[in-house]
Protein chains: 2
Amino acid sequence: MSTVTQRRQARTDEIVASAWQLARQHGIAAVSLRALATEVGIRQPSLYEYFDSKHSLYDAMFGQGNRQLLARLDDIELPSDPRAALKAILHAFVEFALEDPTRCELLFERHVPGFTPTDASYALAIEALDRVVTVMHRAGVTDQGDVDCLVAITAGLMQAQLTNDPGGDRWVRHLDRMIDLHLDHVHDRSVS
Amino acid sequence: MSTVTQRRQARTDEIVASAWQLARQHGIAAVSLRALATEVGIRQPSLYEYFDSKHSLYDAMFGQGNRQLLARLDDIELPSDPRAALKAILHAFVEFALEDPTRCELLFERHVPGFTPTDASYALAIEALDRVVTVMHRAGVTDQGDVDCLVAITAGLMQAQLTNDPGGDRWVRHLDRMIDLHLDHVHDRSVS
DNA sequence: GTCTATATCCAGATAGAC
DNA sequence: GTCTATCTGGATATAGAC
């Protein structure tokens, strides 16, 4: 990679980082290109050297967030016990979501009116979900309905936590219990 | 109530109804006072005769939505069996939410940046939740953690349904099964 | 690649005549 | 109670000089 390309990439990364900072301060939907340019230390039109539109800025943020999620899922060492492995990966997912509510807004909620990720960025989100589903399969959760339920339960606890008590654990502390309950349920059905 | 007051109230209701209509077309956050005035057939500044600010318009919508929810919960005939009653009221809740995604956005999600309901309106939301919790208590769900879980599970299924398949039942069709599973779990614990 | 300047459009809110 | 006119501020995006 040429030095020019490197510099450009570094600048782009810096802009995205500043955008996240603004988003954390005022909400993901309230990021304006004016404020972003000020934050970076350039004039607003100069941003168009790096992003075709505000939409493409959001897409870059969406992609980066999902790459962070994938990296996180890569980092965890999955226990060999399938049930423990499922707990581990779902915990990692929830922890990732809770540690940055703003990132959560962009990645998992619909807080940016009119924004839809490009296919390339969306593929990253699909891949992350796929990894979770794979671990579910290994734990014996093969029925699509059961997968849907477990995903919804995890998301429900996470969402309630984020909305009502960010930083606390009133809801997410029940995650393990809910996973056990559901896995037992799935297992009981398969043997009967 | 005087005729003048009646007329004024009728006009106010009409404005709120038009606001809901616009919200359903373009999203709850995209309601503008200009478009609203056009829809009603008056000029934009005239809206301030009925609402002090856009915030207070949202608050009126929030209050109306919650009053509709309370009316719905009043309407259903609760079975005498506590478990059946819980299923009935949670189904009513979910059905209410799914039949109008836009109303859901304002009542249960955070899709209006900067909007927080007044205490009076928020009290209605609390009352609705209280009614659900009361039925939970009667079904033996007395532990706050269990209440939180059931609420989160219901919301999780509802949210997944709304986001991924509005109008369908891929997620919400599991609601009864999840309620049974959870109630059995609560009961097993209490006898052991 | 960054700038100044500007186009274009939109928003919520207020003043004051009628 | 409704209007016209306007204030004030914001947004994204583009043109073209340097």
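Residues numbered from 1 in each chain as written. Chains lettered and ligands numbered in written order. Predicted model: local features only at pLDDT ≥ 70, side-chain atom pairs only at ≥ 80, totals over all residues. Heavy atoms only, no water.

(A) Up close: the overall build of chain A. A count of helices and strands for chain A gives 8 helices and 0 strands. Start at the N end of chain A and walk to the C end: the helices and strands fall as α-α-α-α-α-α-α-α. Across its three principal directions, the C-alpha atoms of chain A cover 65 × 40 × 25 Å. Within chain A, the proportion of its 192 residues that are buried is 43%. Counted over contacts in chain A with a minimum sequence separation of 6, partners at least 24 positions apart contribute 67%. On chain A, the mean spot of the 19 positive side-chain charges and the mean spot of the 27 negative ones are 6 Å from each other. (Helix = DSSP H or I, 4+ residues; strand = E, 2+ residues; numbered from the N terminus. Buried < 20%, exposed > 50% of the residue type's maximum accessible area, 1.4 Å probe, protein only. Contact = heavy atoms within 4.5 Å. Lys, Arg positive; Asp, Glu negative; His and termini not counted. Charge placed at Lys NZ, Arg CZ, Asp CG, Glu CD.)

(B) Up close: the protein's contact with DNA strand C. Taken together, 17 residues form the shell around DNA strand C, and within it Arg-8 and Tyr-50 of chain A together with Arg-34, Tyr-48 and Lys-54 of chain B come nearest. A distance of 2.7 Å is found between a base nitrogen of DNA strand C and a side-chain nitrogen or oxygen belonging to Gln-44 of chain B. Here Tyr-48 of chain B contributes a side-chain N or O atom positioned 2.6 Å from a phosphate oxygen of DNA strand C. For the surface near DNA strand C, the secondary structure elements donating two or more residues are α1 (3-26) of chain A together with α2 (33-40) of chain B. Across the surface near DNA strand C, the residue classes break down as 7 nonpolar, 4 polar and 6 charged. (Near = heavy atom within 4 Å. Polar contact = N/O pair within 3.5 Å; in protein donor to acceptor, adjacent residues only side chain to side chain. Nonpolar A, V, L, I, M, F, W, Y, C, P; charged D, E, K, R; others polar.)

(C) Region of interest: the environment of Leu-70 of chain B. Residues and elements named next belong to chain B. You can see Leu-70 is positioned in helix α3 (residues 54-75). Take Leu-70: its relative accessible area is 6%, and that puts it in the buried class. Taking C-alpha positions, Leu-70 is 9.5 Å from Leu-129, a pair spaced 59 residues apart along the chain. If sequence neighbours within four positions are ignored, Leu-70 has contacts with Leu-124, Glu-127, Ala-128 and Arg-131.

(D) Quick peek at the relation of the copies chain B and chain A. The operation relating chain B to chain A is a screw motion whose rotation component is 180°, with 0.0 Å of axial translation and a residual RMSD of 0.1 Å. With respect to symmetry, the two chain copies, as superposed, fit the operation of a two-fold axis. Residue Gly-156 of chain B, judged by its C-alpha, is the member of chain B lying nearest the rotation axis, at 1.9 Å. Interface overlap between copies is the fraction of interface residues in one copy that are interface residues in the other; for chain B against chain A it reaches 95%, indicating a shared surface. (Least-squares fit on C-alpha atoms with pLDDT ≥ 70 in both.)

(E) Quick peek at the domain arrangement of chain A. Residue and element names in this part refer to chain A. Domain boundaries in chain A define domain 1 (1-52) and domain 2 (61-191). Domain 1 and domain 2 are separated by 29 Å when their C-alpha centres are compared. Counting residues at the interface gives 8 residues for domain 1, matched by 10 residues for domain 2. Summing the contributions of domain 1 and of domain 2, the shared interface buries around 830 Å²; its carbon and sulfur component is 72%. If you sort the residues of domain 1 by the area they bury against domain 2, Trp-20, Arg-24 and Ile-28 come out on top, with a joint share of 68%. Between Asp-100 and Arg-24 there is a salt bridge, with its nearest N and O atoms 3.2 Å apart. Linking domain 1 with domain 2 are 2 residue pairs in polar contact (both at pLDDT 80 or more), by the criterion used here. Among the residues making up the side of domain 1 that touches domain 2, the classes are represented as 6 nonpolar, 1 polar and 1 charged. (Domains from an automatic or database assignment. Buried area = accessible area lost by both parts, 1.4 Å probe. Salt bridge = Lys/Arg side-chain N within 4 Å of Asp/Glu carboxyl O.)

(F) The packing of α1 of chain A against helix α3 (residues 54-75) of chain A, seen in detail. All names here are of chain A. Packing of α1 against α3 leaves a shortest axis separation of 10 Å and a crossing angle of 90°. Taken together, the axis directions place α1 and α3 in an arrangement best described as roughly perpendicular. Contact residues: Val-16, Ala-19, Trp-20 and Ala-23 in α1; Leu-57, Ala-60, Met-61 and Gln-64 in α3. Considered class by class, the residues forming the contact of α1 with α3 number 7 nonpolar, 1 polar and no charged. (Axes fitted to C-alpha atoms, helices over the stretch in contact; angles between N-to-C directions. Parallel < 35°, antiparallel > 145°, perpendicular 65-115°, else oblique.)

(G) Main features of the nonpolar core. In terms of nonpolar packing, the biggest core is built from 118 residues, with Met-61 and Leu-106 of chain A together with Met-61 and Leu-106 of chain B touching the most fellow members. For Leu-106 of chain A, the residues in contact, after removing those within four places along its chain, are Trp-20, Ile-28, Tyr-58, Met-61, Phe-62, Val-112 and Phe-115 of chain A. (Core = buried A, V, L, I, M, F, W, Y, C linked by side-chain atoms within 4.5 Å.)

(H) Inspection of the side chain of Thr-102 of chain A at higher detail. Residues and elements named next belong to chain A. When you line up the elements, Thr-102 lands in helix α5 (residues 101-108). A relative accessible area of 8% means that Thr-102 is categorised as buried. What Thr-102 contacts, discounting residues up to four positions off in sequence, is Trp-20, Ala-23, Arg-24 and Ile-28.

(I) Region of the structure containing the packing of helix α4 (residues 82-98) of chain B against helix α8 (residues 175-191) of chain B. Residues and elements named next belong to chain B. Running from N to C, α4 and α8 point in directions that differ by 140°, and their axes come no closer than 10 Å. As judged from the angle between their axes, α4 and α8 are oblique. Considering only the axes of α4 and α8, their crossing is right-handed. Between α4 and α8, the residues in contact are Arg-83, Leu-86, Lys-87, Leu-90, His-91 and Val-94 and Leu-175, Asp-176, Ile-179, Asp-180, Leu-183 and Asp-184, respectively. Residue classes in the contact of α4 with α8 are distributed as 6 nonpolar, 1 polar and 5 charged. (Left-handed = near helix turned anticlockwise from the far one by under 90°.)

(J) Layout of the protein's contact with DNA strand D. Taken together, 17 residues sit near DNA strand D, with Ser-32, Arg-34, Tyr-48 and Lys-54 of chain A together with Tyr-50 of chain B positioned nearest. When atoms of DNA strand D within 4 Å of the protein are split into backbone and base, the sugar-phosphate part holds 62%. With respect to DNA strand D, the side chain of Gln-44 of chain A contributes an N or O atom lying 2.8 Å from a base nitrogen. A distance of 2.9 Å separates a phosphate oxygen of DNA strand D from a polar side-chain atom of Arg-8 of chain B. Elements with a contribution of two residues or more to the surface near DNA strand D: α2 (33-40) of chain A together with α1 (3-26) of chain B.

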